Amino acid sequence: MDVTPILESLNDAQRDAVTAPADPLLVIAGAGSGKTRVLTHRIAWLIDVEGVSPQGLLAVTFTNKAAAEMRGRIEALLQIPVSHLWIGTFHGLAHRMLRRHWQEAGLPQSFQIIDSDDQLRIIKRLIKGLEFEDDRWVPREIQYFINAQKDEGLRPQHLDDENDPNRRQQIAFYQQYQEICDRGGLVDFAELLLRAHELWRDNAELLAHYQRRFQHLLVDEFQDTNSIQYAWLRLLAGKTGVPFVVGDDDQSIYRWRGARVEHIQQFQQDFPRASVVKLEQNYRSTETILDAANAVIANNTGRLGKNLWTEGGRGEPIRVCSAYNERDEADFVVGKLRTWSDQGNARADAAVLYRSNAQSRVLEEALVNARMPYRVYGGLRFFERQEIKDALAYLRLISHRDDDSSFERIVNKPTRGIGARTLDSMRSYARANSCSMWRAAGAVASDEMSGRAATAIMVFLNLIERLAKDTDGLDLHEQTDHVIRASGLIEFFRKEKGERGETRIENLEELVSAAKGFEPDPVEEMSPLDAFLSHAALEAGEGQAEAWEDCVQLMTMHSAKGLEFPLVFLCGMEDGLFPHQRSIADPQGLEEERRLCYVGITRAKETLYITHAEQRRMHGTDSFSQASRFISEIPNELVEEVRPRVQVSRPIRAPLRHARSASGVAPGAELGVRLGQRVRHAKFGDGVILNCSGQGAHAQVEVNFESVGTKILVLAYAKLDLM
Ligand code: ATP
Ligand code: MG
């Protein structure tokens, strides 16, 4: 057999991993060392050389996009159709398992996946339903509590209230929330994993079947598995399974979502026969980029420790740009992107990464002004848009009347005279009788109410019944098309003024195209509509459809994991933003931020820009900050400081050295002041220090006063009060 294509362009260590005997194996290696490549080639090797049936493999990737890419690569390597392979995210695979075994899992056949918005809506309703008004309960906190329990595999009955009334109430919310979901056949993201775990735990025969079937279990990004995911794998592996896991402890960035990097050690305990392969050559980046990443991550403690080297050559220095404010920063980035694109490079090869989603808006504005096509990966995606969720809610209710979150979403949309009071009485009825809103609506309208309210409800109930009848037997896209029109949604958005309404209608029409192009997963046995709705819910969790236009990629550093680009910008590298304010004081949190920085830097293949702004307006307030401490962790010789042209608004600008002044101390520190510090002047009032220069009697500060603007003052005479 010709194994050349599979083993081609693999180094010795990679080849060892790919061709290893059927025993548990752990590949632990730094960024860009070919972990994902090894995993893909291992699958090809098992199928083609070891003769393992494609049906005998289960491979877990971090995103659906990564799964699609992996399928594509295996298809190219083996030239076999791979749509039936069990390659997907933990959530996707768990979902597939539950669809097949809904009965054993205790779910209705047409169960629906709800996203975190739907989840939050149910929780808000629970809080409102408390007997006493109580603003102690923050919906997002309850949501976090519930999901955290599920991620640990815990049901309400497993939880002890520890005699703490607060905790007792949280557990009660969890319990009630779960009852609502169970009644409505609703499954949230965390529930997918938990149910799939329980399915195997409680069905020995079923588990044995899958243990025989999936002998080879392959997991990418292993460092970010949470407890329930690990437990699921552990169960499936049993005594005979062959797990093949790859990961990098330095890239564990989802602790806040329950991921536990400790699973790397746990794995070695649970599978004492496991061999460990280390990969040390990086194939992605230049030496400069790699050295910078290594220097930054070296500040973390408790690492497994790895050597990483590259033959990529020294390459260009890392360019650090200090911008005046966030607009200036965005203009700088767009200017560089323009040059990149004018030089004939693909825009899709450039990525703009940031710490927090909110940063994208200003960048987007600058891109729009410059007419530079871009796409936000992981932002508000198609399936998350309001009008799309409205249309999907109609479709869901047609397929599943007891879906409370869909019911609440559209019962009065378009407006049909169902007011808050009517809704409240339906909710109380539903609570008192432990039934769905749909049933409650029917009961309330016929018994308790008269007149307008009852008529309005009946109109809605009849509408849904009629939609169900009229779309029965139609193709999926015809169903969708019928529903967006007959529900009144198109009419409703037409009344919304201006471009906004038009966009919404375009989006609704796009949904019909999406339905038309939708190909259900052949493995899942369910109606096309249910398959489409599940697809929408799972897709909304991550990237949007492939863009057909060549465009710049915008995303958070979290979503950039596993990806690579020739040109990368890391924006907003300021203390307080990155590392994030809430992590600065917490050593563990700070280390996680540093790992995120390591992920960010190592996305770059050739060119890396790091930008920060002295002043930034976010969430409506201005703040002044210093360059991120992570910048100062990069050795000087790897960095070239570039600045945008001097701003007209700042005619006088003393050379500003951020974070690292010649003496290694923060600028101003020796003067007893710091950048961004608030001060008060007897005549000019309150202001903020923008700049410090000079020493001793010559020390000057530049202060932006709220009432009179920017002034440069000699520190010795200014008599500033520090605030
Ligand atoms: P990350 O930690 O970021 O997920 P990774 O370890 O999974 O990275 P890959 O994405 O698999 O690394 O590989 C990084 C890049 O190096 C890819 O472009 C890949 O094609 C290339 N590469 C990996 N191994 C080799 C090799 N032996 N020869 C040539 N190119 C390679
Ligand atoms: Mg990878």
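All values derive from a computational prediction rather than experimental measurement.

(A) Seen up close, the environment of Q170. Tracing the backbone shows Q170 in helix α8 (residues 165-184). For the pair Q170 and I146, spaced 24 residues apart in sequence, the C-alpha to C-alpha distance is 8.2 Å. Excluding its chain neighbours within four sequence positions, the residues that come into contact with Q170 are W137, I142 and F145.

(B) Representation of the nonpolar core within the structure. In this structure, L58, Y177, W200, F214, F222 and F267 are the most contacted members of the largest nonpolar core, which totals 58 residues. When residues are assigned to domains, this core turns out to be shared by domain 1 (4-102 + 194-281) and domain 2 (112-184), each giving three or more. Sequence-distant contacts of F214, defined by excluding residues within four places in its chain, comprise Q55, G56, L57, L58, W86, M97 and L236. Membership of the second largest hydrophobic core comes to 49 residues, among which are I398, F407, I418 and L508.

(C) Layout of the packing of aromatic side chains. Counting across every chain of the model gives 17 aromatic pairs. Where F62 meets Y254, the ring centres are 5.3 Å apart and the plane angle is 40 degrees; that geometry is what we call tilted. Of this pair, F62 sits in the loop between β2 (57-60) and α4 (64-78) while Y254 sits in the loop between β7 (242-247) and α12 (263-270); the two residues are 192 residues apart in sequence, bridging distant segments of the chain. You can call F62 partly exposed: its relative accessible area is 31%. Judged by relative accessible area, which is 8%, Y254 ranks as buried. An aromatic cluster is defined as three or more aromatic residues linked by ring pairs; in this entry it consists of W86, F90, W200, Y210, F214 and W232. The side chain of R234 reaches across the aromatic face of F271, ending 4.7 Å from its centre.

(D) Representation of unusual backbone geometry. For the peptide bond that leads from K413 to P414, omega is 0 degrees, which places it in the cis range. Relative to the elements of secondary structure, P414 occurs in the loop between α17 (404-410) and α18 (420-432). In this chain, F578 is followed by P579 through a cis amide linkage whose omega measures 5 degrees. Here P579 shows up in the loop between β15 (565-570) and α25 (581-584). Phi at Q79 is positive, roughly 55 degrees, even though this residue is not glycine.

(E) View of the side chain of T611. The residue T611 is located in strand β16 (residues 604-618) in this model. Discounting residues that sit within four places of it in the chain, T611 has contacts with C321, E329, F332, V333, L570, C571, G572 and M573.

(F) Region of interest: the site of ligand 1. Looking at ligand 1, there are 19 residues lining it, with K35, R37, Q251, E564 and R603 nearest. At 3.1 Å, a backbone N or O of S9 approaches a nitrogen atom of ligand 1. Within the contact set of ligand 1, an oxygen atom lies 2.8 Å away from a side-chain nitrogen or oxygen of Q251. Protein chains bury 85% of the 640 Å² of accessible surface belonging to ligand 1 in isolation. For the shell around ligand 1, the element with the most residues is helix α3 (residues 35-48), which contributes three residues. Within the shell around ligand 1, the residues separate by chemical class into three nonpolar, 10 polar and six charged. Counting only domains with at least three residues in the shell around ligand 1, you end up with domain 1 (4-102 + 194-281) and domain 3 (318-381 + 543-642).

(G) Inspection of the environment of G315 at higher detail. Along the chain, G315 falls in the loop between β10 (309-310) and β11 (318-325). A sequence separation of 28 residues divides G315 from E287, and the C-alpha atoms of the two residues are 6.8 Å apart. Residues within four places of G315 in sequence aside, it is in contact with T286 and T288.

(H) Region of the structure containing the pairing of β15. Of all six residues that make up β15, six are buried, and the element is covered over most of its length. Bridge count between strand β12 (residues 350-354) and β15: four bridges; the pairing is parallel. Bridged to A350 within β15 is L567.

(I) Structural detail: the pairing of strand β21 (residues 700-705). Direction of pairing for β21 relative to strand β22 (residues 709-714): antiparallel, over a ladder of six bridges. When the sheet's bridge partners are listed, V703 is paired in β22 with K711.

(J) Structural view of the packing of helix α6 (residues 116-128) against helix α7 (residues 139-151). Across the interface, α6 lies against α7 with an axial gap of 9 Å and an inter-helix angle of 115 degrees. With respect to α7, the element α6 is oriented roughly perpendicular. Once α6 is placed against α7, the crossing between them reads as right-handed. Each of S116, Q119, L120, I123, K124 and I127 in α6 lies in contact with α7, whose residues at this interface are P139, R140, I142, Q143, I146 and N147. Residues of the contact of α6 with α7, tallied by class, amount to six nonpolar, four polar and two charged.

(K) A look at the pattern of salt bridges. Throughout the structure, instances matching the rule amount to 47 salt bridges. Among the ionic pairs, D249 bridges to K306, the shortest N-O distance being 2.6 Å. Of this pair, D249 sits in the loop between β7 and α12 while K306 is found in the loop between α13 (287-297) and β10, placing the two residues 57 residues apart along the sequence. Between D250 and R303 there is a salt bridge; the shortest N-O distance is 2.8 Å. On the criterion of sequence distance, the pair formed by D250 in the loop between β7 and α12 and R303 in the loop between α13 and β10 is long-range, its members being 53 residues apart. The class of D250 is buried, set by a relative accessible area of 2%. What you see here is one network of salt bridges that share partners, running through K150, R155, D182, D188, E191, R195 and E198.

(L) Region of the structure containing the packing of α7 against helix α9 (residues 189-201). With their axes 9 Å apart at the nearest point, α7 and α9 run at an angle of 25 degrees to one another. When the interaxial angle is binned, α7 and α9 end up roughly parallel. Here α7 runs over α9; the crossing is left-handed. Where α7 abuts α9, its residues N147, K150 and D151 lie against A190, E191 and L194. Partitioning the contact of α7 with α9 into residue classes produces two nonpolar, one polar and three charged.

(M) Structural view of the sheet that holds strand β1 (residues 25-29). Sheet architecture is open: six strands sit in the order β3-β2-β6-β7-β1-β8, paired in parallel fashion. Two strands lie at the open edges of the sheet, namely β3 (86-88) and β8 (275-279), each paired on one side alone. With direction set aside, neighbouring strand axes in the sheet form an average angle of 10 degrees. In this sheet, β7 lies alongside β1 in parallel orientation, the contact comprising four bridges. By the bridge assignment, L26 is partnered in β7 with V245.

Thresholds applied
- Residues numbered from 1 in each chain as written.
- Chains lettered and ligands numbered in written order.
- Predicted model: local features only at pLDDT ≥ 70, side-chain atom pairs only at ≥ 80, totals over all residues.
- Heavy atoms only, no water.
- Helix = DSSP H or I, 4+ residues; strand = E, 2+ residues; numbered from the N terminus.
- Contact = heavy atoms within 4.5 Å.
- Core = buried A, V, L, I, M, F, W, Y, C linked by side-chain atoms within 4.5 Å.
- Buried < 20%, exposed > 50% of the residue type's maximum accessible area, 1.4 Å probe, protein only.
- Domains from an automatic or database assignment.
- Phe/Tyr/Trp six-rings, centres within 6.5 Å; stacked < 30°, edge-to-face > 60°.
- Lys NZ or Arg CZ within 6 Å of the ring centre and 35° of its normal.
- Near = heavy atom within 4 Å.
- Polar contact = N/O pair within 3.5 Å; in protein donor to acceptor, adjacent residues only side chain to side chain.
- Areas by Shrake-Rupley, 256 points an atom, 1.4 Å probe, with all protein chains shown as cover.
- Nonpolar A, V, L, I, M, F, W, Y, C, P; charged D, E, K, R; others polar.
- Pairing = 2+ DSSP bridges.
- Axes fitted to C-alpha atoms, helices over the stretch in contact; angles between N-to-C directions.
- Parallel < 35°, antiparallel > 145°, perpendicular 65-115°, else oblique.
- Left-handed = near helix turned anticlockwise from the far one by under 90°.
- Salt bridge = Lys/Arg side-chain N within 4 Å of Asp/Glu carboxyl O.

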